[in-house]
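Reading the structure
Here's the letter readout for the chains.
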Amino acid sequence: MIRATLAAICTLLALALPAAAANDFIAAPTLRASVTVTSDVVRIGDLIDNAGSAALIPVYRSPDLGTTGTLTVGQVLSVLRAKQVIGVMTGDIKEVQVTRLARTLASKDIENAVAAALERRFGLADAANITITFDRSVAEMRLDASNSGALQPVATRYDARSGRFDIAFEIANDGNAAPTKLRFTGTAIETVEVAVLTRDIDRADLLKSSDLSLERRPKAEVAGEPASRDRSIGMQLRRAMRAGTPIRAADLVRPDFVVRDQAVTIIYQVPGLYLTTRGKAIESGAEGDTVSVLNLQSKRTLTGVVTGRGQVTVQGASQSAPMAPAVEQTSSVKRDAVPAAAALAQSLVQAPASAAEIAQAQIPQVRLSQAPAKSE
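Computed from a predicted structure; not experimentally measured.

This part takes up the overall build of the protein. Counting secondary structure elements, the protein contains eight helices and 25 strands. The burial tally for the protein puts 34% of its 376 residues in the buried class. Considering only intrachain contacts with a sequence separation of at least 6, the fraction spanning at least 24 residues in the protein is 55%. When the accessible surface of the protein is split by element, carbon and sulfur atoms take 53% of a total near 22000 Å².

What follows is the structure, given as structure tokens:
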């Protein structure tokens, strides 16, 4: 009986021992080759797996925000042994890289945040038209990774006369009730995009694509509606301007089709009659402008409308007294119409004629033309 009882106990113990050993087994600590941390210290639990109760013990200072540091395996094991952590499995690891995570704020991000805080306030326009200049150079900023909130302006000051700003921001912190505070000062100026001359331009020059570049200039410097590059090409300036000058819409005029002292073709046109002769422009004008011209044959000053390059059309009567006899005109009209047409041409170059007088001539529709003459 006793023997049977002892045998049963031995059997039960034999069966229970493997289970107990399995429950008491602790996985060996294993070194990590790459470590990332968010705090300013590196703990044992960051360096090894299965650190147990020693996981929260700090052993190193973390690298600077957003940077990576390197530790040799010997250095790590030495520090771990000092903290009573032994038997660490290292495998074939030669060194451990420790990276500290960070939130990066680029200078452009800060600039945009300042412009957004000033947008449509203090008489300023959209943020896209505000140029920011900081008192101190603002390079890339690195914050603790726990600063995950947006840049929120909490105090904004701006002087419209000087353009100076002073803005305080706060950033919500995941691990801390107190937000991170940042403050920036500098100058904010409203700017406009405007066409700027790349070379000196005379009054008579037509603007070409190569003569213009787009730049952002202070709105106060332009003092008027800025001219776009596309609108400026092919136009002329009201006055000569130097390179680097921003162009306003008011500075542009249509190109001159007639230039002062230029040889032009004068067209006399009334219902049923089209007569051309040579002349000289007394003043410059663009298409549609009214200018004075000199009839080189009659020496009379006429007023007409610029209708093309080197071309002025006179409608109806002339404006000044005759100074010279009529010149010969050539015509391809029928013989019976020549006397009447010649009489009308003579009246146009010698004496003022009204539309009524021309109508009373009762001439059939004809076209008189004169052989082109070289300008004097």
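Here three bridges tie strand S19 (residues 273-281) to strand S21 (residues 290-295), and the two strands are oriented antiparallel to one another. Bridging across to S21, Lys280 finds its partner in Leu294. The pairing of S21 with strand S22 (residues 300-308) spans six bridges and is classified as antiparallel. Bridging across to S22, Val291 finds its partner in Gly304. Taking the residues between adjacent antiparallel strands as the criterion, S21 and S22 are bridged by four residues, where Lys299 takes a positive phi near 60°.

This part covers the sheet that holds strand S7 (residues 95-100). In spatial order, the strands read S2-S7-S6; together these three strands make up an open sheet with mixed pairing. Each having just a single partner strand, strand S2 (34-37) and strand S6 (68-72) make up the two edges of the open sheet. The mean inter-strand angle of the sheet, taken between neighbouring strand axes irrespective of direction, is 25°. Contacting S6 and S7, helix H3 (residues 73-82) crosses the sheet at an angle of about 75° to S6.

Considering all chains together, one arrives at four aromatic pairs under this definition. For the pair Phe122 and Tyr158, a centre-to-centre distance of 5.5 Å together with 45° between the ring planes defines the contact as tilted. One end of the pair, Phe122, is in the loop between helix H4 (107-118) and strand S9 (130-134); the other, Tyr158, is in strand S11 (residues 152-158), and 36 residues separate them in sequence. Take Tyr158: its relative accessible area is 14%, and that puts it in the buried class. Among the aromatic residues, ring-to-ring pairing joins Phe134, Phe165, Phe169 and Phe184 into one connected group.

It is worth spelling out H4 at this point. End to end, H4 covers 17 Å across 12 residues, agreeing with the expected 16 Å (1.5 Å per residue, within 8%). When we look at burial in H4, the residues that qualify are Ile110, Ala113, Val114, Ala115, Ala117 and Leu118. Turning to H4, the residues buried within the fold contact strand S8 (102-105), S9, strand S10 (141-144), S11, strand S12 (164-171) and strand S13 (180-197). The positive-phi residue at the C-terminal boundary of H4 is Arg120, with phi of around 55°.

This part covers the pattern of salt bridges. This structure, assessed with the given rule, holds 18 salt bridges. One network of salt bridges, with partners in common, ties together Arg199, Asp205, Lys208 and Asp211.

Next up on the list: the nonpolar core. Counting residues in each nonpolar core, the largest one holds 23 residues, and the members touching the most others are Val114, Leu118, Ile132, Phe134, Phe165 and Phe184. Those elements that place two or more of their residues in this core are H4, S9, S12 and S13. Per-element tally for this core: the top contributor is H4, with six residues. Excluding its chain neighbours within four sequence positions, the residues that come into contact with Phe134 are Ile110, Glu111, Val114, Phe165, Phe184, Thr185 and Gly186. Ranked by size, the runner-up nonpolar core spans 19 residues in total, among them Val37, Leu47, Val73 and Val96.

Looking at the protein as a whole, the pLDDT averages 80, with 77% of positions reaching at least 70. Per-residue pLDDT stays below 50 along residues 12-17; that stretch engages in zero contacts with residues further than four places along the chain or on separate chains. Low pLDDT, under 50, characterises residues 317-338; the stretch is placed with 45 contacts to residues that sit more than four places away or in other chains.

Turning our attention to the environment of Thr72. By secondary structure assignment, the location of Thr72 is in strand S6. On the basis of relative accessible area, Thr72 is assigned to the partly exposed category, the value being 38%. In this structure the C-alpha to C-alpha distance between Thr72 and Gln97, which are 25 residues apart in sequence, comes to 8.8 Å. When neighbours within four sequence positions are excluded, Thr72 is seen to be in contact with Lys94 and Glu95.

Two elements, strand S18 (residues 263-270) and S19, share eight bridges in a ladder whose sense is antiparallel. Within S19, the residue paired with Ile267 across the bridge is Thr276. Between the end of S18 and the start of S19, which pair antiparallel, lie two residues, with Gly272 showing a positive phi angle near 90°.

This paragraph deals with the environment of Ala243. Positionally, Ala243 belongs in the loop between strand S15 (236-237) and strand S16 (252-253). A relative accessible area of 41% places Ala243 in the partly exposed class. Spatially, the C-alpha atom of Ala243 lies 5.1 Å from that of Thr198, the residues being 45 residues apart in sequence. Every residue in contact with Ala243, bar those within four places of it in the chain, is listed here: Leu197, Thr198, Arg199 and Asp200.

Calculation criteria
- Residues numbered from 1 in each chain as written.
- Predicted model: local features only at pLDDT ≥ 70, side-chain atom pairs only at ≥ 80, totals over all residues.
- Heavy atoms only, no water.
- Helix = DSSP H or I, 4+ residues; strand = E, 2+ residues; numbered from the N terminus.
- Buried < 20%, exposed > 50% of the residue type's maximum accessible area, 1.4 Å probe, protein only.
- Contact = heavy atoms within 4.5 Å.
- Areas by Shrake-Rupley, 256 points an atom, 1.4 Å probe, with all protein chains shown as cover.
- Pairing = 2+ DSSP bridges.
- Axes fitted to C-alpha atoms, helices over the stretch in contact; angles between N-to-C directions.
- Phe/Tyr/Trp six-rings, centres within 6.5 Å; stacked < 30°, edge-to-face > 60°.
- Expected span 1.5 Å × (residues − 1).
- Salt bridge = Lys/Arg side-chain N within 4 Å of Asp/Glu carboxyl O.
- Core = buried A, V, L, I, M, F, W, Y, C linked by side-chain atoms within 4.5 Å.
- pLDDT = per-residue confidence, 0-100.

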